[in-house]
Amino acid sequence: MIQLFQQYSGTFFEGFKYTLFSSFLALIFSLIIGTLFAIFQLSHNKVLKGVAKAYVEFFRNIPLLIIVMFFYIVVPLYWISFDGFQAGTIGLTIYTSAFIAETVRAGIQSVPVGQMEAGLSSGFTYSETMRYIVLPQAFKIVIPPLGNQFINLVKNSSILAMVAGLDLMYQGDLIASETFNTFDTYIIVALFYLILTLPLSYLMVYLEKRWAVRT
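As the structure is a prediction and not an experimental result, all values here were calculated from the model.

**Student:** Sorry, what's going on with helix 2 (residues 46–60) here?
**Tutor:** Along an α-helix, a turn takes 3.6 residues, which lines up residues three or four apart on a common side. Counted at 1.5 Å a residue, the expected span for helix 2 with its 15 residues is 21 Å, and the 21 Å between its end C-alpha atoms agrees. The elements touched by buried residues of helix 2 are helix 1 (2–41), helix 3 (64–78) and helix 4 (84–110). A side-chain oxygen of the first residue of helix 2 lies 2.9 Å from the backbone nitrogen of Val 47; this N-cap is Asn 45.

**Student:** Before we go on, may I ask you to explain the packing of helix 1 against helix 4 in this structure?
**Tutor:** In a packed pair of helices, the relevant descriptors are the angle between the two axes and the axis-to-axis distance. For the pair helix 1 and helix 4, interaxial distance at closest approach is 6 Å and the crossing angle is 40 degrees. By the criterion of interaxial angle, the relationship of helix 1 to helix 4 is oblique. Crossing of helix 1 against helix 4: the hand is right-handed. Residue composition of the contact of helix 1 with helix 4, by class: 16 nonpolar, nine polar and two charged.

**Student:** Any chance you could explain the pattern of salt bridges here in plain terms?
**Tutor:** Opposite charge on two side chains allows them to pair when their charged atoms are near. Throughout the structure, instances matching the rule amount to four salt bridges. In this structure, Glu 102 and Arg 60 form a salt bridge, with 3.8 Å as the shortest nitrogen-oxygen distance. In this pair, Glu 102 is assigned in helix 4 and Arg 60 in helix 2, connecting sequence segments 42 residues apart. Between Glu 102 and Arg 105 there is a salt bridge, with the nearest N and O atoms lying 3.0 Å from each other. Placement of both Glu 102 and Arg 105 in helix 4 is noted, with a separation of three residues, approximately one turn of the helix. With a relative accessible area of 17%, Glu 102 lands in the buried category. Here the salt bridges do not stand alone but share partners, grouping Glu 57, Arg 60, Glu 102 and Arg 105 into one network.

So, how was this worked out
- Residues numbered from 1 in each chain as written.
- Predicted model: local features only at pLDDT ≥ 70, side-chain atom pairs only at ≥ 80, totals over all residues.
- Heavy atoms only, no water.
- Helix = DSSP H or I, 4+ residues; strand = E, 2+ residues; numbered from the N terminus.
- Expected span 1.5 Å × (residues − 1).
- Contact = heavy atoms within 4.5 Å.
- Polar contact = N/O pair within 3.5 Å; in protein donor to acceptor, adjacent residues only side chain to side chain.
- Axes fitted to C-alpha atoms, helices over the stretch in contact; angles between N-to-C directions.
- Parallel < 35°, antiparallel > 145°, perpendicular 65-115°, else oblique.
- Left-handed = near helix turned anticlockwise from the far one by under 90°.
- Nonpolar A, V, L, I, M, F, W, Y, C, P; charged D, E, K, R; others polar.
- Salt bridge = Lys/Arg side-chain N within 4 Å of Asp/Glu carboxyl O.
- Buried < 20%, exposed > 50% of the residue type's maximum accessible area, 1.4 Å probe, protein only.

Structure, rendered in structure tokens:
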């Protein structure tokens, strides 16, 4: 295993770089999109509420692979062409944002209604009350499930291998097909994923404990 890693270390780190970059982009944008759709689901505007619910239910209940393939194969036929990395990252973002929307929505609904009423009565607008009063409390409540979504996102980034996204799994497949040493190759790939997911898991636990103490 050590010899294999030494021989293909450049390839492994190249894939790790793409996996890290894709996961980071998808994490940031899925959190933003998911939070917006969580707020829209609780909106009094029936159009926004309907669109948000349709978005969440649709993308939560179809496979991630279909979303990625849609952007990799279908969209280029009618609009703009995406490479494997772009299609995979977009699909990962859309898919994860639907789950984050449900998580954040549950967090917002867990915040006492009086918090919103207090903000509005103090002169804040609805958006200001949501931004400065409700959402900070909601995120504290949903740290554990939100952390699980982030970890799942990193693991799901392996979907990029299906569309030649140059990620860690894709590079592992190339090495395995070249060396026929599948056992050692995928053990090394798994260790790289652990390098990403374990610190993220510990970070979520740390934030949960820290905010719990402040509360």
